[in-house]
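# Reading the structure
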Amino acid sequence: MKTNNERNYGIDLLRIFSMVSVVILHNLYQGGILPQLKTNNPNWWQFWLLENLAIVAVNVFAMITGYVSMMHRFKSDRVLQVVFQTIFWSVTVSVTLYQLRMPISVETVKASFWIEVNI
């Protein structure tokens, strides 16, 4: 295994770009911008072009994760740590949105965990 601890700033910059692009993706679709746009809207092409350019971010982020993971030894407890962090932040965000009187329901929380919901 390679134990070089030097930072690769190119990979870091690409990771930041990917993170921002994923946020754009979530805001465009889950935020309701794309589903509400009509094709005769002048912004329709701009938003769909942005969506298609940003969708590459998911693949880039996966490739970066694989590249960086190859340089480290696999630790099974890290998988559990990521699962617990995901559950913690999902619950924290849901409770915060509920406290702020945002429209959140049990169905919305289930859908965020990809649990099939019949609405």
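As shown above, the structure is provided for reference.
Residues numbered from 1 in each chain as written. Predicted model: local features only at pLDDT ≥ 70, side-chain atom pairs only at ≥ 80, totals over all residues. Heavy atoms only, no water.

## Quick word on the pattern of salt bridges
- Taken as a whole, this structure holds 1 salt bridge when the rule is applied.
- Here Arg7 ties to Asp12 by a salt bridge, and the two come within 2.9 Å at their closest N and O atoms.
- Residue Arg7 is classed as exposed on the basis of its relative accessible area of 57%. (Salt bridge = Lys/Arg side-chain N within 4 Å of Asp/Glu carboxyl O. Buried < 20%, exposed > 50% of the residue type's maximum accessible area, 1.4 Å probe, protein only.)

## Points about the environment of Ile24
- Here Ile24 is to be found in helix α1 (residues 9-29).
- Relative accessible area serves as the criterion here: at 27%, Ile24 is assigned to the partly exposed category.
- Residues Ile24 and Ile55 lie 31 residues apart in sequence; the distance between their C-alpha atoms is 9.1 Å.
- The residues touching Ile24, leaving out its near neighbours within four places in the chain, are Leu50 and Ala54. (Helix = DSSP H or I, 4+ residues; strand = E, 2+ residues; numbered from the N terminus. Contact = heavy atoms within 4.5 Å.)

## Structural notes on α1
- For α1, which comprises 21 residues, the first-to-last C-alpha distance of 30 Å matches the rise-based estimate of 30 Å (1.5 Å per residue) to within 8%.
- Buried-residue contacts for α1 involve α2 (33-36), α3 (44-54) and α4 (56-69).
- Its side-chain oxygen placed 3.2 Å from the backbone nitrogen of Gly10, Asn8 serves as the N-cap of α1. (Expected span 1.5 Å × (residues − 1). Polar contact = N/O pair within 3.5 Å; in protein donor to acceptor, adjacent residues only side chain to side chain.)

## Considering the packing of aromatic side chains
- Applying the stated criterion across every chain, the model contains 3 aromatic pairs.
- Taking 6.3 Å as the distance between ring centres and 50° as the angle between the ring planes, the aromatic pair formed by Trp44 and Trp48 counts as tilted. With Trp44 and Trp48 both in helix α3 and 4 residues apart, the pair spans about one turn of that helix.
- Consider the rings of Phe88 and Trp89, whose centres lie 5.1 Å apart with planes at 80°: the pair is edge-to-face.
- Here Phe88 falls in the partly exposed class, since its relative accessible area comes to 48%.
- An aromatic cluster of at least three residues, connected via ring pairs, comprises Trp44, Trp45 and Trp48. (Phe/Tyr/Trp six-rings, centres within 6.5 Å; stacked < 30°, edge-to-face > 60°.)

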